[in-house]
Each structure stands twice: as C-alpha cells, then as structure tokens.
Amino acid sequence: MPVSRRGLLAGTAVAGAALAIPGTASAAGASTNTSTKIGPGDARYQDLVLRGQNRRFVGRPDYVRMIRSAEDAVAAVQDAVRSGKRIAVRGGGHCFEDFVDSSDIEVVLDMSTYEEVTWDPQYRAFSIGAGAILESVYKELFFGWGVTVPGGGCLGVGVGGHFSGGGYGPLSRRYGSVVDHLYGVEVVVVDARGRARSVVATRDNEHRDLWWAHTGGGGGNFGVVTRYLMRSAGSSGRAPGESLPKAPAALRATLLLYDWKTTTQAGFLRTVRNWFDFFEQHNTTDSPYATLYAPFILTHNSAGQFLLSTQIDAAAPNAAELMNAFNAAMVAGVDPKPQVLDAGEGPFLHTTMERSIAETASPGRGKYKAGYLKKGYTDEQILAMYRGLTDPTYTGPESSVLLIPYGGKVNTVPSDATAAAQRDVVAKMVLSASWQNETDDAKNLAWARKVYADIYRDTGGVPVPNAINAGSYINYPDVDLADPAYNKSGVPWHDLYYLGNYPRLQQIKSKWDPRNVFHHKLAIEPL
C-alpha cells in the first residue's frame, strides 16, 4: 500500500494521545528503594529524561525516581516537598507541551515500570497501574477476561494522563469515554501541612469529589495517581468479565486514499462536508453506525495523499453493507473518486494493533492544537483548512488536520456528571505540525498557529463554545490558549477546556492540593 506510516499516518498518532504530566503515576506492585535518586551521573539518567515523545522539550531534572507502588510515591513526594522541589510525573511520555520536560522541574517521578493490570477483589474493579501503556492494557484485559476500555489508538500512550483527562478512542461512540468506566483512583496528595499520603477515591465513597476531578480534570492538578480502578457505571463488579465492555470479536476495515494532485478546492470542500454530514446524521447510540469509527487524516499536500481510515464491528448487523454505504456517502459528488482499499475482516486485537500507532524510538518535534465540534464546520472554516493544507510556502508531509468522529454514547452522560464537560459533540479536530529539526521550529509553529487562527477567525482564533464549537480537549494541551497573542476571544483558557465545570474543579483543587504542589502551565488554579 503506497502510504507512508511515518508520513501520511503520522496524524493518527495524536488521535489517542494522552498526557504523562505532573500528577499521573503507576499501578500496585512491589516497592522499590525510593532513596535511589537517578541523577546526571547515573547511566540510566539520559534514557529517562529522553522518554518524552515531543523532542521540542528535553528537561534536566536534578534527579529521577522510579515509582513501583503507592508507598514509593508517598516517600518520593514527601521528600520533594520537604526539599521544596518542583515535581513532575511521567507515564507514557506523550505530553504535547513542556509540563514534564521544563527547566523548572527538579524531580521527575517515572512510572513506566509500575504497570500491572489485575482484578482487585476488594473494590471489585480492575486495577491498572498508572504507568501502563495502552497496548499492554488492551492485551491484558482482552486475553485475561475478553473485555476492553474505549481508549485511544496510540499504543505507547500511558494511561496516567489519558484516563484522567477523559480518554477516548475507536470504541467511544459505542461505549463512551474512558472516564465513564472509571470507578476509582489511588492518589498521593499533599495536605496543608505538607504531609503526603495515599487516598483511594471512588465514585461511591467519601472522597467522591477527588474521583470526579479525575474524570476529565487532566493530570498534574491534584496529586500523583498511582493506579486506576476500572468498572463500568452500572456494573456491580460481581464478575470481572462483566465489569468492563466486551471487546468485539472482529473488525472490518477499509481505507479511502485521496490524491492531492487531483483534489480541487471544490472537491476538498465536498469531501469534508460529506464526512461532517454523515456523523451529524448518525450520532445516536441506537444508530446502526454506532460502532463505526472513521478518522480523516488530512495531511499537508506535500505528503501527496490524504486518507480516510474506517472500521466497524464485524458483528454489527449488515456490517459489510453499512461499510459500503458509508464509503458511498463519503465519495458522493466527489470527482475523481478516491482509491478504495478493502482491508477485510480480522480478529479484534490483531486488527486493533495493526491499525494503531506503535511507539517510536526516534520521536520528532511537534505542535498540537485542537477543538470539539457540535456540528460540522462552515464552508469557510473548511476552506481555511484547505488553504493551510495547500499552503505553497510550507512543506510539512507529516503535518495534518485530523478529524475524529466522537459523540454517540459519550453524549448520553450529563455535562456535570464527570469533569469531562463536552457531552454534546459529533467530532474532534486536531491540527498537528510535525517536524524533525530544531532549525525548523519557527516556520512550523507559525504554520500551525496561522491555520488554527484562520479556522477560528470569527471567534478570536480559538474554539469559543457556540453552535459549532465546544472548546478544546485538555489531553491535547495548547499553551497558546492562555496567551492573549493567540487567544483574542477574551474567553479564558480554562473555560475552553472545562466549560462550566471549572469552578468545581477549583474547589476540589483547593481542598486536595492546598499548597499547589502539583501545577503546570495549564494547571487548575486553586481558589
């Protein structure tokens, strides 16, 4: 297939990306010696500080500590607080901004080896270490119990930030957000006296407010999550195999491959409008298309091609006919039509692994900007995308605008039931500029900011909530939203991410982190 995984498919990596930012941690397991501080003179140090997947940022902390239990985390946090040092926590390393790799971070707690996935009979829930990555979670849950979580499609993403920020993925239109299956969190917090302790907060115990804060509040705000307790809302937890969604047995998949050389402005407009129209019309939980997932990877024309990648539960009634009908709707009125590649039907986990983005040992540099959509963009907004993607002064074969179907089951939950407030949407948009060399930083940042500002020119350059927009997604953090040079709307960044839930998050922040130990550039501000 003439598609570059690094190039054309680069945009899909952000679709399931999570944050490993201050306040995310790992699972339950054996303790390690927390007196070991891995400093610059240790052979392990350089590998640990280079784990971040955005090489625009590389930190130089005083030391790194490996965390393998809640006890480890308590001791490490206590020591850092006593010494007055800034703490950050790394899970998968996929933070889009410098919330971990920053010059003011002095201590990094690395959770990568704390990744157990087990059944916890005490809480009747799956215990997942906050250092686990999505690939291992999918494999453990599926092979162990035949269940799954509706997480993202980037296999190296750590659950630490992905879950707490309101993670989502290919199964979310059917099963909702990951946080709709979050029963509890084990969190290391610091009280007003500077004392660190571990707390388990669940949706039905006395610490419910702290649980709620982790259902979309994002990492780095309240404490260090050491493990997640996963059990679907409405499940009793009597049996592990009934406590999370059943994984599909098989998936059917196709690709539509578009040639930029034959794509006109009118053709692009019709192509993207077809996509928006379809998901506006098929966004209910009882839709026969509830299991259909079709991210549209609109790469810059210097890549030569762009791609629509579609999958559906093969067991859905008339799955093959539904897939054909979807593809027909996508190419209606488009001339010339794209190449249709039938990937056939394959077993669930194998197909999921094949269609997901694996971790890379040589990550590049990037800038990411996002938005929620309640309905499709206007024609002028789609044309703004086209202008950016065909800008002749810019070459970025790995840069893209990614359109991701959303909603469905997600939209059945009230906006204030979880901290993830956007519950009336049909899609997400992620604009990503990706490049390799530091010398190209300025031109790539300028391109991303220009295109984003052009898409949202009528609302001050950012997705201010209105009939079309619903703000942005905290797991795709963008510090530009807090900068009046780029956010000219007058609407503060936190209202774009949290809508009406921000005041409640501030109250919880003040209660559980009164000393503001856990913070970063887009952190929730205490009252």
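Right above here is the structure, for reference.
Conventions we followed
- Residues numbered from 1 in each chain as written.
- Predicted model: local features only at pLDDT ≥ 70, side-chain atom pairs only at ≥ 80, totals over all residues.
- Heavy atoms only, no water.
- Phe/Tyr/Trp six-rings, centres within 6.5 Å; stacked < 30°, edge-to-face > 60°.
- Helix = DSSP H or I, 4+ residues; strand = E, 2+ residues; numbered from the N terminus.
- Buried < 20%, exposed > 50% of the residue type's maximum accessible area, 1.4 Å probe, protein only.
- Lys NZ or Arg CZ within 6 Å of the ring centre and 35° of its normal.
- Contact = heavy atoms within 4.5 Å.
- Axes fitted to C-alpha atoms, helices over the stretch in contact; angles between N-to-C directions.
- Parallel < 35°, antiparallel > 145°, perpendicular 65-115°, else oblique.
- Left-handed = near helix turned anticlockwise from the far one by under 90°.
- Nonpolar A, V, L, I, M, F, W, Y, C, P; charged D, E, K, R; others polar.

## Things to note about the packing of aromatic side chains
What the rule picks out here adds up to 34 aromatic pairs. Pairing Phe126 with Trp145 gives two aromatic rings, centres 4.8 Å apart and planes at 70 degrees, and the pair type is edge-to-face. Of this pair, Phe126 sits in strand β5 (residues 125-129) while Trp145 sits in helix α3 (residues 134-145), and the two are 19 residues apart along the sequence. By relative accessible area, Trp145 is classed as partly exposed at 28%. Ring plane angle 75 degrees and centroid distance 6.1 Å describe the contact between Tyr377 and Tyr456, whose orientation is recorded as edge-to-face. One end of the pair, Tyr377, is in the loop between β13 (365-373) and α10 (379-389); the other, Tyr456, is in the loop between α11 (441-455) and α12 (493-498), with 79 residues separating them in the sequence. There is no split in this pair, since Tyr377 and Tyr456 are both buried. Pairwise contacts between aromatic rings join Trp275, Phe276, Phe278, Phe279, Tyr289, Phe326, Tyr377, Tyr452 and Tyr456 into one cluster. The aromatic ring of Tyr473 is capped on one face by Lys428, whose charged end is 3.3 Å from the ring centroid. Sitting above the plane of the Trp212 ring, Arg504 keeps its charged end 3.8 Å from the centroid.

## Brief notes about the environment of Thr291
Structurally, the position occupied by Thr291 is in the loop between α7 (265-281) and β10 (296-299). Other than its neighbours up to four places away in sequence, Thr291 contacts Arg174, Gln311, Ile312, Asp313 and Ala316.

## Details of the packing of α10 against α11
Remark: α10 packs on α11, axes separated minimally by 8 Å, with the N-to-C direction vectors making an angle of 165 degrees. By the angle between their axes, α10 is roughly antiparallel relative to α11. α11 is crossed by α10, and the crossing has right-handed handedness. Every residue of α11 that contacts α10 at Gln381, Ala384, Met385, Arg387, Gly388 and Leu389 is listed here: Trp447, Val451, Asp454 and Ile455. By residue class, the composition of the contact of α10 with α11 is 6 nonpolar, 2 polar and 2 charged.

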